[in-house]
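Coordinate inspection notes
The primary structure of each chain is shown beneath.
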Amino acid sequence: MSQISTGAISARLKGTGPHNSSTQARYGARMPSAKVAIFYAALIAAALIWVTPVITLILTALKDAGDFAVNGAFSLPKSIRWANFSEAWQTGVGNYFWNSVIVTGVKVPIGILIESMAAFALTHMHFRWANKVFVYVLIGLIVPIQMTLVPLTLLMNALNLIDTLTGLIILYIGFGVPFGVLVMRGYFRTLPTAIIEAARIDGCSWFRIFYRIALPLALPAVVSLCILDGVATWNEFILAQIFLRSDELRTLPLGLVQFSTQFSTQYDQLAAAVLISVAPVMLVFLLFQRYFVAGMGGAVK
Amino acid sequence: MATTTVPAEIVSAGRKRSPAPTRVRDQLRFLPWVFLAPALVIYSVVVVYPMLYSAYLSLFRWDGVAPKKVFVGFQNYVTLLTHNEVFWIALKNNAIWLVAALLVPTSIGLGLALVLNSRFRGSHIFRSIFYFPAVLSLAVVGLIWTWIYHPDLGLANQLLDALGLKFLKRNWLSDPNIAIYPVILAATWNAVGLPMLLFLAGLQTIPQELHEAAKVEGAGPLQRFWHVTFPLLRETTLIVLAITSINALKAYDIIYAMTNGGPANRTQLLSTWMYFLTYNYNEVGLGTAIAIVLFSLTLIFAIPYIRLMTRKI
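If you're wondering where the values come from, they're calculated on a predicted model, not measured in any experiment. Starting from 1, residues in each chain are numbered consecutively following that chain's sequence as written. Whichever chain is written first is A, and whichever ligand is written first is 1; the rest continue in order. Totals for whole chains, interfaces and linings use all residues, but because this is a predicted model, local features are given only for residues with pLDDT of at least 70 and pairs of side-chain atoms are given and counted only at 80 or more.

**Structural notes on the overall build of chain A**
Quick note on the threshold: The helix and strand labels rest on DSSP assignments: H or I over at least four residues marks a helix, E over at least two residues marks a strand, and numbering proceeds from the N terminus. Any residue with 12 or fewer other C-beta atoms within 10 Å of its own C-beta is exposed, any with 20 or more is buried, and the rest are partly exposed; the C-beta atoms used are placed from the backbone.
Each helix and strand in chain A was counted, giving twelve helices and zero strands. Listing each helix as α and each strand as β along chain A from the N terminus yields α-α-α-α-α-α-α-α-α-α-α-α. Out of the 301 residues belonging to chain A, those deemed buried represent 49%.

**Details of the overall build of chain B**
Stated precisely, the cut-off is as follows: Computation of the radius of gyration draws on C-alpha atoms alone. For the globule rule, the value is 2.2 Å times the number of residues to the power 0.38. Each residue is represented by a C-beta atom placed from its backbone, and any two residues with such atoms within 7 Å are regarded as in contact.
Within chain B one finds 15 helices and two strands. In terms of C-alpha radius of gyration, chain B reaches 25 Å, well past the compact-globule figure of 20 Å for 313 residues. When the 313 residues of chain B are sorted by exposure, 45% land in the buried category. Taking contacts inside chain B between residues at least 6 apart in sequence as the whole, the part at least 24 apart equals 69%.

**Considerations on the nonpolar core**
Where we set the bar: Take the buried Ala, Val, Leu, Ile, Met, Phe, Trp, Tyr and Cys residues, join any whose C-beta atoms are within 7 Å, and the set you get is a nonpolar core.
The biggest cluster of nonpolar side chains holds 179 residues, and the ones touching the most others in it are Ala 118 and Val 274 of chain A together with Ala 39, Ile 254 and Ile 290 of chain B. With 15 residues, the top contributor of residues to this core is helix H6 (residues 165-188) of chain A. If we skip the residues at most four places from it in the chain, Ala 118 of chain A touches Val 181 of chain A together with Phe 35, Leu 36, Ala 39 and Leu 40 of chain B.

**Remarks on the domain arrangement of chain A**
Residues and elements named next belong to chain A. Which entries qualify depends on this criterion: Domain start and stop points were drawn from an automatic or database domain assignment.
Taken domain by domain, chain A comprises domain 1 (31-81) and domain 2 (88-300). Computed over C-alpha atoms, the centres of domain 1 and domain 2 are 33 Å apart. With eight residues of domain 1 in contact, the opposing surface of domain 2 contributes seven residues. Looking at the side of domain 1 that touches domain 2, the elements that each hand over two or more residues are helix H1 (33-62) and helix H2 (65-71). No other element matches the four residues that H1 contributes to the side of domain 1 that touches domain 2.

**Here we look at the interface of chain A and chain B**
Let me state the cut-off plainly: All amino acids are sorted into three groups, where Ala, Val, Leu, Ile, Met, Phe, Trp, Tyr, Cys and Pro are nonpolar, Asp, Glu, Lys and Arg are charged, and the leftover types, Gly among them, are polar.
Across the contact, 91 residues belong to chain A and 88 residues belong to chain B. Among the elements that line the side of chain A that touches chain B, the one with the most residues is helix H12 (residues 267-300) of chain A, at twelve residues. Of the residues in the side of chain A that touches chain B, the class split is 61 nonpolar, 24 polar and six charged.

**Remarks on helix H3 (residues 83-124) of chain A**
Selection rule: Bend at a residue means the angle formed by two fitted axes: the first through the 7 residues ending at that position, the second through the 7 residues beginning there.
Of all the bends in H3 of chain A, the greatest, near 70 degrees, is centred on Gln 90 of chain A. Two residues or fewer after H3 of chain A comes His 126 of chain A, characterised by a positive phi angle close to 55 degrees.

**A word on the confidence of the model for chain A**
For the record, the criterion: The predictor attaches a confidence to each residue, called pLDDT, with possible values from 0 through 100.
Across chain A, the average pLDDT comes to 83, with 85% of residues at or above 70. This stretch, residues 1-28 of chain A, has a pLDDT under 50; its non-local contacts, to residues over four places away or in other chains, come to 55 contacts.

**A look at helix H4 (residues 85-116) of chain B**
An α-helix turns once every 3.6 residues. As a result, residues three or four positions apart point the same way. Inclusion rule: By this rule, a helix spans an expected 1.5 Å times one less than how many residues it contains.
Given a rise of 1.5 Å per residue, 32 residues ought to cover 46 Å, and the 46 Å separating the end C-alpha atoms of H4 of chain B matches this to within 8%. Of all the bends in H4 of chain B, the greatest, near 30 degrees, is centred on Ala 101 of chain B, and the proline Pro 105 of chain B appears no more than four residues after it.

**Some points on unusual backbone geometry**
Residues and elements named next belong to chain A. Look at Asn 160: it is not a glycine, yet its phi comes out positive at around 60 degrees. Turning to its location among the elements, Asn 160 is positioned in the loop between helix H5 (146-158) and H6. Positive phi is not limited to glycine here, since Asp 163 has a value of about 65 degrees. Relative to the elements of secondary structure, Asp 163 occurs in the loop between H5 and H6.

**What about the confidence of the model for chain B?**
Residues and elements named next belong to chain B. Chain-level statistics for chain B give a pLDDT mean of 86 and a share of 90% at 70 or above. Within chain B, the element-level pLDDT minimum falls on helix H1 (residues 8-12), averaging 41, and the maximum on helix H8 (residues 180-191), averaging 95. In this model, residues 1-18 is a region of pLDDT below 50 whose contacts with residues beyond four sequence positions or in other chains number 24 contacts. In the model output, the complex is listed with pTM 0.86 alongside ipTM 0.85.

**Concerning the environment of Leu 159 of chain B**
Residue and element names in this part refer to chain B. By the element assignment, Leu 159 lies in helix H7 (residues 155-162). The class for Leu 159 is partly exposed, based on 15 C-beta atoms found within 10 Å. Taking the C-alpha atoms as reference, Leu 159 lies 48 Å from Glu 217; in sequence the two are 58 residues apart.

The structure is reproduced here in structure tokens:
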């Protein structure tokens, strides 16, 4: 799916050159300029409506509580109040933020390593149970988390892992397996068997083949998965809600909902807190957006 | 070593296995399991075993603490269906949510994909803008939209004021008759990105020549959509519908962030009501029974998806 170049900057609206017949606009090609203007106007209007909630959020985070109470959310701030961010950070959001960083930072690499190993075994190791194991793993994609909560509570209780980040990370790794295997398997399948076989003939062990050949070749898929999985882990709510009890261990989504019930009237600080939690995701999205497409493409191929 | 060049697909299909040298075969018998072990063990312990154990627990009356569970057979399911009013509210809300999710974000996603599939100046910026809400957590989406629905200061009511439609103003999230719809609208904002992305990916696989040919034959844009684009998007559409419906049935955080199931349980979903019964009322049997119902519903929509994913093995 890498041909979807979301990052392409080339402007080809007119599409008259003979060289771009394959990539030129299907809709909107060779339009008269009045139509072009209407097309853009409609699209920009739609985009503005679409981002209104985010603009509201930013405006709220920048104004003080009094301004908000008088003028509501959707007005320019009378004066910009950066202190909202530092206050929110100090009221616990900083703590939630670091918890989220730890959980995501530990979960994602471990998860991708074991998912890649499994996917490699399913695609290149002449494994006769490959199809059955793959279907077994796919089931996990459709299981509602609610199906697992009660037994997991008992299990985590028995292992003394309730209210620990370690316990939460273990759960995240387990629930991440189906999607990770799906994406990595999709990519490994496209690697030519010949490369693997050549390495085999040269006497390379399977572990070396995996580590030295397959994994480096699958780097685009690894990066995609890293980003998709990172965002999903950063955003996870329900498991954190059930298995974290003490305030100082909360991750961001959980902490924010808690924050919103505790300081339900301090919209300025709450908005700043939400913005703090969204910022890393926004950054990753802007920097790596083409990997979102590639990763999703791998999942459905 | 001619045997080692046999494509993996043929070997792994398990039928036409060609004889590999004994050394290789012995090693191959257990080594894949070593590669699979970490993922399979943790997945089985964290996902599969709890799932099966939940099914078992749904046959008992239990408060989650007492050492003794009372076997009641299918009584929990009967109780849900006959004596649990909120279960029906939740089921109805899930149904509304599902229908909305199958129609609205999918159509918007398809429409946006069709428009943004062409490359024009800024098309990638528009793609980013329309996809962006999909990367936000539903808890955050819920919090943002809670402000929009704020009765006095929220954008929704201010907008109605400005448009002179005062009579439409509502206390959106506290009106028991309508509260579920504003929540669904907020969820839709988040749910459009994925279908758009998948449809864009699907559109890229359609050869431009087909469109050119149809154009030469004199087909208009609408005809080209119906007779060229749409049939070729069949598989993508199936995947989109499956994923959106599975996601719709998983909805949970956004309810928790926006209404917490209220007012008067009118915005409960099966997922949230399961949580309430289990963790607030200690009705573990009823809670797990709801989880099973939810899973069965998901299965209906997931089976075509799973079949599609495995058909290509």
